[in-house]
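# Survey of secondary and tertiary structure
What follows is each chain in one-letter form.
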Amino acid sequence: MRFLHTSDWHLGRSFHRVNLLAAQRAFLDHLVETVRARDVQAVLVAGDVYDRAVPPLAAVELFDDALHRLAGLGVPTVMISGNHDSARRLGVGSGLLRQAGVHLHTDPADCATPVLLEDAHGPVACYGLPYLEPAMVRDTLGAPRADHAAVLGAAMDRVRADLATRPAGTRSVVLAHAFVTGGAASDSERDITVGGVASVPAAVFDGVHYAALGHLHGSQTLTERIRYSGSPLAYSFSETDHRKSSWLIDLDADGAVRAERVDCPVPRPLARIRGPLEQLLDDPALARHEDSWVEATLTDNSRPAEPMARLGKRFPHTLSLVFDPDEAPARPSASYAQRLRGRSDQEIAEDFVAHVRAGRGADDAERAELRSAIDEVRTTDAAAEVAR
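Here is a short report on the structure shown in this document. (Residues numbered from 1 in each chain as written. Predicted model: local features only at pLDDT ≥ 70, side-chain atom pairs only at ≥ 80, totals over all residues. Heavy atoms only, no water.)

Here we come to helix 2 (residues 57-72). Here helix 2 is 16 residues long and its end C-alpha atoms lie 22 Å apart, about the 22 Å a rise of 1.5 Å per residue gives. Among all positions in helix 2, only Ala59, Leu62, Phe63, Ala66, Leu67 and Leu70 are buried. The buried residues of helix 2 occupy an angular sector of 135 degrees when projected down its axis, which confines them to one face. Residues of helix 2 that are exposed and angled more than 90 degrees away from the buried face: Leu57, His68 and Gly72. Considering only its buried residues, helix 2 is in contact with helix 1 (21-37), strand 4 (42-46), strand 5 (77-80), helix 3 (87-91), helix 4 (94-99) and strand 6 (102-105). Looking at the residues trailing helix 2, positive phi occurs at Gly74, about 75 degrees. (Helix = DSSP H or I, 4+ residues; strand = E, 2+ residues; numbered from the N terminus. Expected span 1.5 Å × (residues − 1). Buried < 20%, exposed > 50% of the residue type's maximum accessible area, 1.4 Å probe, protein only. Arc of directions from axis to C-beta. Contact = heavy atoms within 4.5 Å.)

Okay, structure coming up:
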């Protein structure tokens, strides 16, 4: 059976205030054409269909159009909700959509209810595990603890138990939205750390033939059977070196996996350039970036006059300007945004404690208390999104 594995569309998201709706439409055109031209038998979408719980109307219309086109091809689509999606909103109408071959898995309680597909070699059971917010699904899944490893492990125990009831030779596929150990993150993924831990071990997927993962935005192969498709578009300059693609997965009669990357359309290349302003304006080697979206880091010891306007004359698509002088003063004078960049909520809270205590940081008990408070806020926010 041939699958097309994709994820993290983030419909409705912009890139440094640039509207990406046209680029997202071009990707979905490409996806539909790939399904048609490459004889794809099922499409797997591993979460984060939208960028936020209440997406803009234009993003909803784009999603609706894509579902109609995929249904029109007669190709089943299996889709789960991610941590950016509102599971309840995405799941509205799932019963009717199922009749058209679009299978929306948004309820954790249904994680062991597969979509049953069939090819010349027999059945394929396709299980959808939506993003599992630990504190909200622990009781539903009977997990021993409210952390990512425990709830995903409990969900996979249910999957394996159901799979054991299937006819011998049934092949299995799981969609999941999670941070699996060994994956490489970027700046554009929302932090899902709970209890100080964000990742789960790859061994949690033992027993299935293929795990189609979402959440991390870089295409990655953790094992031959466990892969991230990554996002189809770049959503931060940390993704400059990503090759955006989907996975074309062939699952043979014995469950062996063959994988091929299918490149996504690139609306405009990304470039990170660094150096003194005058060098950036004059360096002939940078000519290849003149039509790129650019993040420029200026290393001048004093801030040049009108740097954005001057850069814009050579690089008209400059979107981000960063100052990092070669002879930088002590770090405390860095901007607030620079001091926070790349730091988790837990680290920021601990930094604050150390600041107000003139350098004396939090002890183990205080760190645990901070972690508990941050987890409670995340759970409360997630519950509020569900209730809206």
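As a further point, take the nonpolar core. Formed by 29 residues in total, the largest nonpolar core has its most connected members in Leu129, Leu141, Leu152, Met156, Val174, Phe205 and Leu213. Those elements that place two or more of their residues in this core are strand 8 (122-129), helix 5 (134-141), helix 6 (148-163), strand 9 (171-177), strand 12 (210-214) and strand 14 (226-228). Ranked by residue count, the leading element in this core is helix 6, at 8 residues. Not counting chain neighbours up to four residues away, the residues in contact with Leu213 comprise His5, Ser7, Ala46, Ala176, Val180, Phe205, Leu222, Ile226, Arg227, Tyr228 and Ser229. (Core = buried A, V, L, I, M, F, W, Y, C linked by side-chain atoms within 4.5 Å.)

To continue, consider the sheet that holds strand 18 (residues 293-298). One open sheet holds the 3 strands; their spatial order is 17-18-19, and the pairing between them is parallel. Of all strands in the sheet, those bounded by a partner on one side alone are strand 17 (270-275) and strand 19 (318-323). The mean angle between the axes of side-by-side strands here comes to 15 degrees, regardless of whether they run parallel or antiparallel. In the sheet, strand 17 pairs with strand 18 via 6 bridges, with the strands oriented parallel. Residue pairing across strands places Ala271 opposite Val294, the latter belonging to strand 18. Set on the sheet, helix 8 (residues 307-314) makes contact with strand 18 and strand 19; between it and strand 19 the angle comes to about 135 degrees. (Pairing = 2+ DSSP bridges. Axes fitted to C-alpha atoms, helices over the stretch in contact; angles between N-to-C directions.)

A separate point is the packing of aromatic side chains. Throughout the structure, instances matching the rule amount to 4 aromatic pairs. On the numbers, 5.4 Å between centres and 40 degrees between planes, the contact of Phe15 with Trp293 is tilted. Here the residue Phe15 occupies a position in strand 2 (residues 14-15), and Trp293 occupies one in strand 18, the gap between them amounting to 278 residues. What links up through ring pairs into an aromatic cluster is the set Phe15, Phe237 and Trp293. Geometry around Trp247 places Arg227 over its ring, the cationic atom sitting 4.5 Å from the centre. Stacked on the ring of Trp247, the Lys or Arg Arg261 has its end atom at 5.8 Å from the ring centre. (Phe/Tyr/Trp six-rings, centres within 6.5 Å; stacked < 30°, edge-to-face > 60°. Lys NZ or Arg CZ within 6 Å of the ring centre and 35° of its normal.)

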